[in-house]
Amino acid sequence: MLHVSMIGCGAIGVGVMELLKSDPEVSFDLVIVPEAGLDAARPVVSSLAPQARVAARLDDDGVRPDLLIECAGHRAIEEHILPALARGIPCMVVSVGALSEPGLAERLEAAARQGKTQVQLLSGAIGAIDALSAAKIGGLDSVIYTGRKPPQAWKDTPAEALFALDSLETATVIFEGTARQAARLYPKNANVAATLSLAGLGMDHTQVRLLADPGVTENVHHVEAKGAFGGFELTMRGKPLAANPKTSALTVFSVVRALGNRAHALAI
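Residues numbered from 1 in each chain as written. Predicted model: local features only at pLDDT ≥ 70, side-chain atom pairs only at ≥ 80, totals over all residues. Heavy atoms only, no water.

Participant: Mind laying out the overall build of the protein chain, listing which residues take part and the relevant values?
Facilitator: A tally of regular secondary structure across the protein chain gives nine helices and 13 strands. The C-alpha radius of gyration of the protein chain comes to 19 Å, within 12% of the 18 Å expected for a compact globule of 268 residues. Here the C-alpha coordinates of the protein chain stretch approximately 55 × 45 × 35 Å along the principal axes. A buried classification covers 50% of the 268 residues belonging to the protein chain. (Helix = DSSP H or I, 4+ residues; strand = E, 2+ residues; numbered from the N terminus. Rg over C-alpha atoms; globule rule 2.2 N^0.38 Å. Buried < 20%, exposed > 50% of the residue type's maximum accessible area, 1.4 Å probe, protein only.)

Right, here's the structure in full:
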């Protein structure tokens, strides 16, 4: 049995526990939430993982999980993942967009080396990461990511000040540049571009186009990669998570798959 500690009890964390509550090979022993959220989280966790404790931090008493997974956002990497890696605890990270911060990917790697363990970055809302990583070995020439969302999805971003989102009638490019620039300006939309960057050419050589499109109702991700291996194009239309429209349902499914691959005898 895989004994898991999880950081976060929001839409992603709850979705993961819901889908795995009947899996006999995965046990959630601890759910980490901020001090202010302990009381609210306890009944939710109790209903989905009755054996799990809820606390504000990982125990520092020598008892350690088989795996620590982050489902809580960027700050959790600094606060919980880096120290856990240094202690030798394997970790998984959902908020890959945080690694657009200069030096953070290197710090994660250094902490994992210190603890003689490994941190896995999950694919989240995008696919073909295995193909892109394999293509990188043979030589990649270009990776272009285009993200297309309904205009309302770009509210509370820099696009709101630059474009009349409520009155757009045609698809409009709201950003074009590198993945690092996109992550800085649109941090809540950085996970997909950052994941593609880390699997492929890096943050400064992965090109990103973001569009506000009144003709779509879903989040549409398009990836085009070319290199010595040949080329591929991928288009994904992501349904949002019912509990949080800003999160792709596929993100939850990618976490469940990753945990299943760790816990089960057969993995793919």
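Participant: Hey, could you go over the UniProt feature "binding site: NAD(+)" (unreviewed entry) in the protein chain for me, with residue numbers and the actual values?
Facilitator: Mapped onto this numbering, the UniProt entry annotates "binding site: NAD(+)" (unreviewed entry) at Ala125 and Asn191. Across 67 residues, the annotated set stays spatially compact, with a maximum C-alpha separation of 8.1 Å. Relative to the assigned elements, Ala125 resides in the loop between β6 (119-121) and α5 (129-138). On the secondary structure map, Asn191 appears in helix α8 (residues 190-199). Apart from residues lying up to four places away in sequence, Asn191 is in contact with His74, Val94, Ser95, Val96, Gly97 and Ala98. (UniProt positions renumbered as here; feature names shortened; annotations may be inferred. Contact = heavy atoms within 4.5 Å.)

Participant: Quick one: what's the story with the sheet that holds strand β8 (residues 172-178), residue by residue and with numbers?
Facilitator: The five strands lie next to each other as β8-β9-β7-β10-β11, forming an open sheet whose pairing is mixed. Strands with a single pairing partner mark the edges of an open sheet, and in this sheet they are β8 and β11 (230-238). Taking each pair of neighbouring strands and ignoring which way they run, the sheet shows an average axis angle of 10°. Pairing of strand β10 (residues 219-227) with β11 involves nine bridges; the strand directions are antiparallel. When the bridges of β11 are listed, His222 appears paired with Thr235. Where α5 meets the sheet, it contacts β7 (140-149), β10 and β11, and its direction lies at approximately 155° from that of β7. (Pairing = 2+ DSSP bridges. Axes fitted to C-alpha atoms, helices over the stretch in contact; angles between N-to-C directions.)

Participant: Break down the environment of Gly215 for me, with residues and values.
Facilitator: Relative to the elements of secondary structure, Gly215 occurs in the loop between β9 (207-212) and β10. Its relative accessible area of 66% is what places Gly215 among the exposed residues. Taking the C-alpha atoms as reference, Gly215 lies 32 Å from Ser133; in sequence the two are 82 residues apart.

Participant: Give me unusual backbone geometry: which residues, what numbers.
Facilitator: Most of the time, phi is negative for any residue but glycine, and the peptide bond is trans. In this structure, Lys116 takes a positive phi of about 55° despite not being glycine. Considering the arrangement of structural elements, one finds Lys116 in the loop between α4 (104-114) and β6. One non-glycine residue, Ala128, lies in the positive phi region at around 65°. Of the residues examined, Ala128 reaches a relative accessible area of 24% and is grouped as partly exposed.

Participant: Outline the side chain of Glu218, supporting the account with residue identities and numerical values.
Facilitator: As for its placement among the helices and strands, Glu218 is situated in the loop between β9 and β10. A relative accessible area of 18% means that Glu218 is categorised as buried. Of the polar contacts made by the side chain of Glu218, one reaches the side chain of Lys239; its length is 3.0 Å. Look past the residues within four positions of Glu218 in its chain and what remains in contact with it is Arg148, Lys149, Pro150, Arg237, Gly238 and Lys239. (Polar contact = N/O pair within 3.5 Å; in protein donor to acceptor, adjacent residues only side chain to side chain.)

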